[in-house]
Amino acid sequence: MNRSSFIQQAIGLGPQWQARSGWFEQHPAELDRQAMQLAQQQSSQPPTTDTVAIPAPAAVTNVHMPTPAMVTSETAAPSTLDAALAAAGVTDHLEQPLSSPQPLVELGWDQLEQAVANCQNCQLCHTRTQTVFGRGNPRARWMLIGEAPGEQEDKQGQPFVGKAGQLLANMLAAAGLDREHDVYIANVLKCRPPGNRNPAPEEILACSTYLQQQIRHVQPTLILALGRFAVQTLLQTEQSIGKLRGQLHQYQGIPLIATYHPAYLLRNLPDKAKAWQDMVLAKQHFSRLSS
Ligand code: SF4
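Here, residues in each chain are numbered from 1, in the same order as that chain's written sequence. Residue-level local features of this predicted model are given only where pLDDT is at least 70; pairs of side-chain atoms are given and counted only at 80 or more, and the full residue set underlies all totals for whole chains, interfaces and linings. In computing side-chain values, all of the structure's heavy atoms are included and hydrogens and water are not.

Caption draft 1: Structural detail: the packing of aromatic side chains. Aromatic pairs are defined between Phe, Tyr and Trp rings, using the six-membered ring for Trp, whenever the two ring centres lie within 6.5 Å; interplanar angles under 30 degrees are classed as stacked, those over 60 as edge-to-face, and all others as tilted. Scanning all chains against the criterion turns up 4 aromatic pairs. For the ring pair tryptophan 109 and tyrosine 184, a centre distance of 5.3 Å and an interplane angle of 75° mean the geometry is edge-to-face. Of this pair, tryptophan 109 sits in helix α4 (residues 109-117) while tyrosine 184 sits in strand β5 (residues 183-187), placing them 75 residues apart in sequence. Burial here depends on accessible area, computed with a 1.4 Å probe over protein chains only, as a share of the maximum for the residue type. Under 20% is buried, over 50% is exposed, and the range in between is partly exposed. In this structure tryptophan 109 comes out as buried when scored by relative accessible area, which is 19%. Grouping aromatic residues by their ring pairs yields a cluster made of Trp109, Phe133 and Tyr184. A run of H or I in DSSP counts as a helix once it spans at least four residues, and a run of E counts as a strand once it spans at least two, with each numbered from the N terminus.

Here it is in structure tokens:
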């Protein structure tokens, strides 16, 4: 399996978006919410308060993606994920055979964060200081997605700290966005690759369910993907940022703008102007989508 196929397997899923109040009517998330409601009406198993039992894909008629093998609690390193879920207090799924076509377990936000904190689904658990779940407002309209924690992020448990984080904060402020209130920031990987090496495909696969669930919870109006790995992972492509930036993309029906990672910009100052152009483009699309 080549890298592109591997990553497609990792993220090529069709979440059933459940839009919250205020979501504009014509957004794809709203259309999927209606599909979700229809599927739930057909199901005899209502969701619990802690977890949402998502109907089997065959019962949903309006999803964005086909139904490849899902990277979820059913398929991703069952024994270690079971341990993480158990540590997070989620035990009901353990009664079901992992190989059976049972509804997927969707964790609540706190449970998801706890599952990440206890995760041992890939080798990065052995070298991390701590996991880095995310930062900002989980109900923000903007979601920023980067690559993986670096050295400082690994120490502090927060994404985008240090000089790269300050540059990002400055760019957000210049665009009129507060990084703690107006955006939610997460990474593709929740643990630091040693020596800040590139993420390995199997690590992206192992970690993908967490980012997918974060996106489902946040339900952003727009995603700003920061850096090559985030962009290529979310868009399932191996094209360069240079070719992908400057246009509107979609991730599972959510508008996405690709731009450079702040750490890259610190080493390549001339590209700051391009990153600012990307931010302006994102703002324009956000305004249009929100009107
Ligand atoms: S990188 Fe992701 S999958 Fe790997 S141990 Fe950390 S949280 Fe788990």
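Read on for the rest.
Caption draft 2: The arrangement of unusual backbone geometry in detail. Here the phi dihedral of asparagine 196 falls at roughly 60°; this positive angle occurs in a residue that is not glycine. Tracing the chain through its elements places asparagine 196 in the loop between β5 and α7 (201-218). The exposure class of asparagine 196 is partly exposed, given its relative accessible area of 42%. Look at glutamine 236: it is not a glycine, yet its phi comes out positive at around 55°. In this fold, glutamine 236 is placed in the loop between α8 (228-235) and α9 (241-244). Relative accessible area serves as the criterion here: at 21%, glutamine 236 is assigned to the partly exposed category.

Caption draft 3: Quick look at the packing of α4 against α7. Throughout, an axis means a line fitted to C-alpha atoms (over the contacting stretch in the case of helices), and angles, computed between N-to-C directions, take values from 0 to 180 degrees. α7 packs onto α4 with a crossing angle of 160° between their chain directions and a minimal axis gap of 11 Å. When the axes of α4 and α7 are compared, the pair comes out roughly antiparallel. Between α4 and α7 lies a crossing whose hand is left-handed. Across from Trp109, Leu112, Ala115 and Val116 in α4, the residues of α7 making contact are Tyr210, Gln213, Gln214, His217 and Val218. Of the residues in the contact of α4 with α7, the class split is 6 nonpolar, 3 polar and no charged. Working definition: roughly parallel below 35 degrees, roughly antiparallel above 145 degrees, roughly perpendicular at 65 to 115 degrees, and oblique for all remaining angles. For any pair of crossing helices, the crossing counts as left-handed if the nearer helix is rotated counterclockwise from the farther one by less than a right angle, and right-handed if it is rotated clockwise. Every residue pair with non-hydrogen atoms within 4.5 Å of one another is taken to be in contact. Asp, Glu, Lys and Arg are counted as charged, while Ala, Val, Leu, Ile, Met, Phe, Trp, Tyr, Cys and Pro are counted as nonpolar; the rest, among them Gly, fall into the polar class.

Caption draft 4: Expanded view of α8. For α8, the buried fraction is high: 7 of the 8 residues fall into the buried class. Every buried residue belonging to α8 is among Phe229, Ala230, Val231, Gln232, Thr233, Leu234 and Leu235, and all of these are buried. Looking one or two residues past α8, glutamine 236 carries a phi angle of roughly 55°, positive in sign.

Caption draft 5: Spotlight on α7. Each helix should span, by expectation, one fewer than its residue count multiplied by 1.5 Å. The end-to-end C-alpha distance of α7 is 25 Å, a good match for the 26 Å that 18 residues give at a rise of 1.5 Å each. To get the bend at a residue, fit one axis to the 7 residues ending there and another to the 7 starting there, then take the angle between the axes. The largest bend in α7 comes to about 45°, at cysteine 207. The buried fraction of α7 amounts to 14 of the 18 residues, a majority that puts the element mostly inside the structure. Looking one or two residues beyond α7, the residue adopting positive phi is glutamine 219, at roughly 50°.

Caption draft 6: Region of the structure containing the site of the ligand. For this purpose, a residue is taken to be near a molecule or strand whenever a single non-hydrogen atom of the residue falls within 4 Å of it. The environment of the ligand is made up of Cys119, Asn121, Cys122, Leu124, Cys125, Arg128, Lys190, Cys191, Ala206, Cys207 and Tyr210. In terms of residue class, the shell around the ligand is made up of 8 nonpolar, 1 polar and 2 charged.

Caption draft 7: Local environment of the pattern of salt bridges. Here, a salt bridge means any side-chain nitrogen of Lys or Arg that lies within 4 Å of a carboxyl oxygen of Asp or Glu. Scanning the model with the defined rule gives 7 salt bridges in all. Put simply, arginine 135 and glutamate 180 hold a salt bridge, and the shortest N to O gap is 2.8 Å. Placement of the pair is arginine 135 in strand β3 (residues 135-136) and glutamate 180 in the loop between α6 (162-174) and β5, with a sequence separation of 45 residues. The closest approach of N and O atoms between aspartate 271 and lysine 274, which form a salt bridge, is 3.4 Å.

Caption draft 8: The arrangement of the confidence of the model for the protein chain in detail. A residue's pLDDT is the confidence the predictor assigns to it, expressed on a 0 to 100 scale. With 64% of its residues at a pLDDT of 70 or more, the protein chain shows a mean pLDDT of 76. Taken as a whole, residues 7-33 scores under 50 in pLDDT and shows 86 contacts with residues more than four places along the chain or in a different chain. In the predicted structure, residues 88-104 sits below a pLDDT of 50 and forms 33 contacts with residues beyond four places in sequence or in another chain.

Caption draft 9: The arrangement of the environment of threonine 209 in detail. Residue placement: threonine 209 occurs in helix α7. C-alpha of threonine 209 to C-alpha of glutamate 106: the two residues are 103 residues apart in sequence and 9.8 Å apart in space.

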